[in-house]
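The primary structure of each chain is shown beneath.
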Amino acid sequence: MAWRHLDQGRVGELPLDLYERDGEYQVRVDGQELMSSLCHASEEALADLAAAAVPAPAPRVLVAGLGLGYTLAALVRRLGGAAVEVVEKSPDVLRWYRLHFREKVLRGADDGAVRFREADAVDVLRAGTGGWDLVVLDVDNGPEPLAGEGNRWLYEAAGLAAIRARLRPGGALLVWSGFRSEPFEARAREAGYAVSSVEIPLTRPGVAHHLYLCALPR
Ligand SMILES: C[S@@+](CC[C@H](N)C(=O)[O-])C[C@H]1O[C@@H](n2cnc3c(N)ncnc32)[C@H](O)[C@@H]1O
């Protein structure tokens, strides 16, 4: 059965298309797959890393990039008392979450206390006041962006320094990436983070997602 085109939207200047097939969803940006409900093991693993990284009972967490909401749902389940804020650039992604994905991804968990903002993570992290215990950077395919050239800044020295300035001592930046990036690892170390990573193998041999935990000293 072929994917059925359900809706179209935008992220910044780029076109987004939502497809459905047998109850599964896929979002393509400019014709390329950006996210899918078929593959979300790494979002669960990311929430486990987050829980280990922020032992405080009521951490302040910024999730940059909503997507289908798997990362958010996993974080809400694992970080019970956290104050979670989501910044998502695309109004269409926010709309699709409520319309199509919310019930599916939450599976009974509660996102009632989550604050959702339509905003560009670049603006929020460049100029915001911060005070986060954890920033989860899940805006794109990783340090080589698909969803907007402007996202590159977030993974470069200037962005990493700006995020560091928005984190509390002992806080952490968690980065989802569709691939390993040694240049990114080097830049994060240079910016003062202790960097570790977890590889999540996919069913296709030789392909893996990478999660980067970039921790600050207490
Ligand atoms: C790869 S998807 C996230 C998928 C997510 N892991 C999930 O659970 O479905 C990236 C999301 O970030 C959003 N995005 C891209 N650039 C952004 C930016 N600069 N600021 C905020 N959101 C952004 C996209 O619209 C998309 O919803």
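Scroll up to find the structure.
Reference entry: report on the structure contained in this document. Here the residue index of a chain counts from 1 through its sequence in written order. It should be noted that, the model being predicted, local features are given only for residues of pLDDT at least 70 and side-chain atom pairs only at 80 or more, the latter also being counted only at that level, while totals for whole chains, interfaces and linings use all residues.

**Here's the deal with the site of the ligand**
(1) Moving on: The full set close to the ligand counts 27 residues, and Gly65, Gly67, Leu68, Tyr70 and Ala121 are the nearest of them.
(2) Moving on: Starting at the N terminus, helices and strands are each numbered in turn, a helix being any DSSP run of H or I of at least four residues and a strand any DSSP run of E of at least two. Put simply, the parts of the chain that give the shell around the ligand at least two residues each are strand S4 (32-36), helix H2 (70-78), strand S6 (83-88) and helix H4 (121-127).
(3) Moving on: Residue classes follow a fixed rule: Ala, Val, Leu, Ile, Met, Phe, Trp, Tyr, Cys and Pro count as nonpolar, while Asp, Glu, Lys and Arg count as charged, and any other residue, Gly among them, counts as polar. Looking at side-chain class alone, the shell around the ligand contains 14 nonpolar, 7 polar and 6 charged residues. Each residue gets a C-beta atom placed from its backbone. Should that atom fall within 6 Å of a molecule or strand, the residue is termed near it.

**Section: helix H1 (residues 41-53)**
(1) Moving on: If you check H1, its first and last C-alpha atoms are 19 Å apart, about what 13 residues at 1.5 Å a residue would give, namely 18 Å.
(2) Moving on: Neighbour density around each residue's C-beta defines its exposure: 20 or more other C-beta atoms within 10 Å make it buried, 12 or fewer make it exposed, and counts between make it partly exposed, where C-beta atoms are placed from the backbone. Residues Ser42, Glu43, Leu46, Ala47, Leu49 and Ala50 constitute the buried set of H1. The arc that holds the buried residues of H1, viewed along the axis, is 160°, so those residues lie on one side.
(3) Moving on: With C-beta atoms placed from the backbone, a contact is any residue pair whose C-beta atoms sit within 7 Å. Among the structural elements, H2, strand S8 (132-137), strand S9 (167-177), strand S10 (194-201) and strand S11 (208-215) are those in contact with the buried residues of H1. Each residue after the first adds 1.5 Å to the expected span of a helix. Of all possible arcs, the one meant is that of the directions from the helix axis to the C-beta atoms.

**Observations regarding the environment of Ala2**
(1) Moving on: Looking at the secondary structure, you find Ala2 in the segment before strand S1 (4-11).
(2) Moving on: With 20 residues separating them along the chain, Ala2 and Asp22 place their C-alpha atoms 9.4 Å apart.

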